[in-house]
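# Descriptive analysis of the structure
Chain by chain, the residues run as shown.
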Amino acid sequence: MKSLAVDTTNALCGAIFIALGAFFAYQSFELELGTALRMGPGYFPFVLALILVLLGIVILIQSVRTDSGPLGPIALRGMLFILPAPIFFGLTVRGLGFAPALFFSALIAAFASTRMRPLMGVVLAAAVTVFSVAVFSYALGLPFERFGP
């Protein structure tokens, strides 16, 4: 008889996704949901929360089906560059404007890879910024300051 192997890391991640999704789904009921054609302010957060719960269920099921090996080393470089990037963006977008804040945030995040060279990081950050400004400012017409006051 084959024993059931459980990947505890994925099981824990799946449970966390399910718990967070359920929490945010419950919180979204405080806002008006509306319908799919006339969405209220709580509709989109509710749908995202349900997607998070579904992903958690999939991860939880996968954790029972497979047993992974031990965890590898923690990517400290990735954490040191990826985590501060959106924080930097949030703190500087009003003062610098959308384009400069996004450029520097993308530049910070680019160096999470050990293979990223400074010139390539600048090119990547510029490309992300040009694309984002074109989509969000010009194509979608979102009203925000491209450059600071």
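In this text, all values refer to a predicted model and were calculated from it rather than measured experimentally. (Residues numbered from 1 in each chain as written. Predicted model: local features only at pLDDT ≥ 70, side-chain atom pairs only at ≥ 80, totals over all residues. Heavy atoms only, no water.)

### A closer look at the packing of helix α5 (residues 98-110) against helix α6 (residues 118-139)
We apply this condition: Angles run from 0 to 180 degrees between N-to-C directions of axes, and those axes are lines fitted to C-alpha atoms, restricted for helices to the stretch in contact. In this description a helix means any DSSP run of H or I spanning at least four residues, a strand means any run of E spanning at least two, and both kinds are numbered starting from the N terminus. By definition in this entry, angles of less than 35 degrees are roughly parallel, angles greater than 145 are roughly antiparallel, angles of 65 to 115 are roughly perpendicular, and the rest are oblique. For any helix crossing, the convention is left-handed if the near helix is rotated counterclockwise from the far helix by under a right angle, and right-handed if that rotation is clockwise. We call two residues in contact whenever any of their non-hydrogen atoms come within 4.5 Å of each other. Any residue outside Ala, Val, Leu, Ile, Met, Phe, Trp, Tyr, Cys, Pro, Asp, Glu, Lys and Arg is labelled polar, Gly included; the first ten of those are nonpolar and the last four are charged.
Close contact between α5 and α6 brings their axes to 8 Å; oriented N to C, the two are set at 140°. With respect to each other, α5 and α6 are oriented oblique. Where α5 crosses over α6, the handedness of that crossing is right-handed. Contacts between α5 and α6 involve Phe98, Ala99, Leu102, Phe103, Ala106, Leu107 and Ala110 on the former and, on the latter, Gly121, Val122, Leu124, Ala125, Ala126, Val128, Thr129, Ser132, Val133 and Phe136. Along the lines of polarity and charge, the residues of the contact of α5 with α6 split into 14 nonpolar, 3 polar and no charged.

### Let's talk about the packing of aromatic side chains
Aromatic ring pairs are described here by two measures, namely the spacing of the ring centres and the angle between the planes. This is how it is decided: Aromatic pairing here means that ring centres of Phe, Tyr or Trp (its six-membered ring) are within 6.5 Å. Orientation follows from the plane angle: under 30 degrees is stacked, over 60 is edge-to-face, and everything else is tilted. Working definition: with a 1.4 Å probe on protein chains only, accessible area under 20% of the residue-type maximum means buried, over 50% means exposed, and in between means partly exposed.
Within the structure shown, the criterion is met by 6 aromatic pairs. With a centroid separation of 6.4 Å and 75° between ring planes, the pair formed by Phe98 and Phe136 is classed as edge-to-face. With Phe98 in helix α5 and Phe136 in helix α6, the pair connects residues that are 38 residues apart, well separated along the chain. Judged by relative accessible area, Phe98 falls into the buried class, the value being 11%. What makes Phe136 partly exposed here is its relative accessible area of 35%. Feature note: the residues Phe89, Phe98, Phe136 and Phe144 constitute an aromatic cluster, connected by ring pairs.

Read these as layout, nothing more, since geometry by itself doesn't imply function.
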